[in-house]
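# Coordinates in review
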Amino acid sequence: MRSEMEQDILKVLITEEALQKRIGELGEALYEKFQGRRPLFLGVLKGSFVFMADLVRSCPLKSDVEFIAVSSYENATVSSGRVKINHDLQQDISGRDLIIVEDILDSGNTLAFLKDYFLTKGAASITLVTLLDKPSRRTKAIAADFAGFQVPDEFVVGYGLDYCQEYRNIPYIGILKPEVYGTP
């Protein structure tokens, strides 16, 4: 069944099949790293929820999950550079191994902020996992410990990533047509 959103997609960048294969590999790598420990998977809402669900299922560790909601885009196509916490953690993370799960690492503002924030809250270790890595947009000196795919400097949506809260439910990663977000 074709979705009404697909008319806004310039091209498919990463297929459903490629996503599932790579997420399985990331899950195996995290299992190897954290075997015998009980990490906390910490999803950055809203974009990470689809990726995080599949990642946690692919990593057969005793673990728990938590979410934090932050914003820096405010329905724009580029980060404002200011990170605001909209929903904070609901548990103490002192001494915990955190696996921060993010949809995309581009400017690095959000993940740099969160890494510092969680270290001040007493996390024992922080592992950064991102589905997509867009190094061409990096303004902070931060890198993911595990990244699914490196992507070009294009506006991507799907599989949790949005534009103005839409397109999250597309099951692949696609490049959004520029005319959709105001660039002819």
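Residues numbered from 1 in each chain as written. Predicted model: local features only at pLDDT ≥ 70, side-chain atom pairs only at ≥ 80, totals over all residues. Heavy atoms only, no water.

On to the sheet that holds strand β6 (residues 125–133). Read from one edge to the other, the open sheet built from six strands follows the order β4-β3-β2-β5-β6-β7, with strand pairing classed as mixed. Both edges of this open sheet fall to β4 (84–87) and β7 (146–150), since each of them pairs with a single strand only. On average, each strand axis in the sheet is inclined to that of its neighbour by 30°, with strand direction left out of account. Contacts from helix α2 (residues 49–57) reach β2 (40–45), β3 (64–71), β5 (97–105) and β6 within the one sheet, and its direction differs from that of β2 by about 160°. (Pairing = 2+ DSSP bridges. Helix = DSSP H or I, 4+ residues; strand = E, 2+ residues; numbered from the N terminus. Axes fitted to C-alpha atoms, helices over the stretch in contact; angles between N-to-C directions. Contact = heavy atoms within 4.5 Å.)

Attention now moves to the packing of helix α1 (residues 16–34) against α2. Two quantities define a packed helix pair, namely the angle between the helix axes and the distance between the axes. Their axes nearest at 8 Å, the elements α1 and α2 cross at an angle of 55°. Between α1 and α2, the angle falls in the class oblique. As for how α1 packs across α2, the hand of that crossing is right-handed. Residue-level contacts link Gln-20, Ile-23, Leu-26, Gly-27 and Leu-30 of α1 to Phe-51, Asp-54 and Leu-55 of α2. Among the residues forming the contact of α1 with α2, the class breakdown is five nonpolar, two polar and one charged. (Parallel < 35°, antiparallel > 145°, perpendicular 65-115°, else oblique. Left-handed = near helix turned anticlockwise from the far one by under 90°. Nonpolar A, V, L, I, M, F, W, Y, C, P; charged D, E, K, R; others polar.)

A separate point is the nonpolar core. If you look at the biggest cluster of nonpolar residues, it comprises 26 residues, and the most contacted ones within it are Leu-30, Phe-41, Phe-51, Leu-55, Leu-131, Leu-132 and Ile-173. Among the secondary structure elements, those contributing two or more residues to this core are α1, α2, β5, β6, β7 and β9 (173–176). Leu-132 has contacts with Ile-14, Asp-103, Ile-104, Leu-105, Phe-149, Val-151, Val-156, Leu-161 and Ile-173, leaving out every residue within four places of it along the chain. Residues Leu-105, Ala-112, Ile-126 and Ile-142 belong to the second largest nonpolar core, which totals 20 residues. (Core = buried A, V, L, I, M, F, W, Y, C linked by side-chain atoms within 4.5 Å. Buried < 20%, exposed > 50% of the residue type's maximum accessible area, 1.4 Å probe, protein only.)

To continue, consider the side chain of Asp-97. Note on placement: Asp-97 falls in strand β5. Given a relative accessible area of 15%, Asp-97 falls into the buried group. Side chain to side chain, Asp-97 and Arg-37 meet in a polar contact 3.1 Å long. Once you skip the residues sitting within four places of it in the chain, Asp-97 turns out to touch Phe-34, Arg-37, Pro-39, Leu-40, Ala-124 and Ser-125. (Polar contact = N/O pair within 3.5 Å; in protein donor to acceptor, adjacent residues only side chain to side chain.)

Turning our attention to helix α3 (residues 109–120). Helix length check: α3, at twelve residues, gives a terminal C-alpha distance of 17 Å against a target of 16 Å (1.5 Å per residue), a fit within 8%. Here α3 has its buried residues at Asn-109, Thr-110, Leu-111, Ala-112, Leu-114, Tyr-117 and Phe-118. Its buried side turned inward, α3 meets β2, β3, β4, β5 and β6. Among the residues trailing α3, Gly-122 stands out with phi positive, at a value near 95°. (Expected span 1.5 Å × (residues − 1).)

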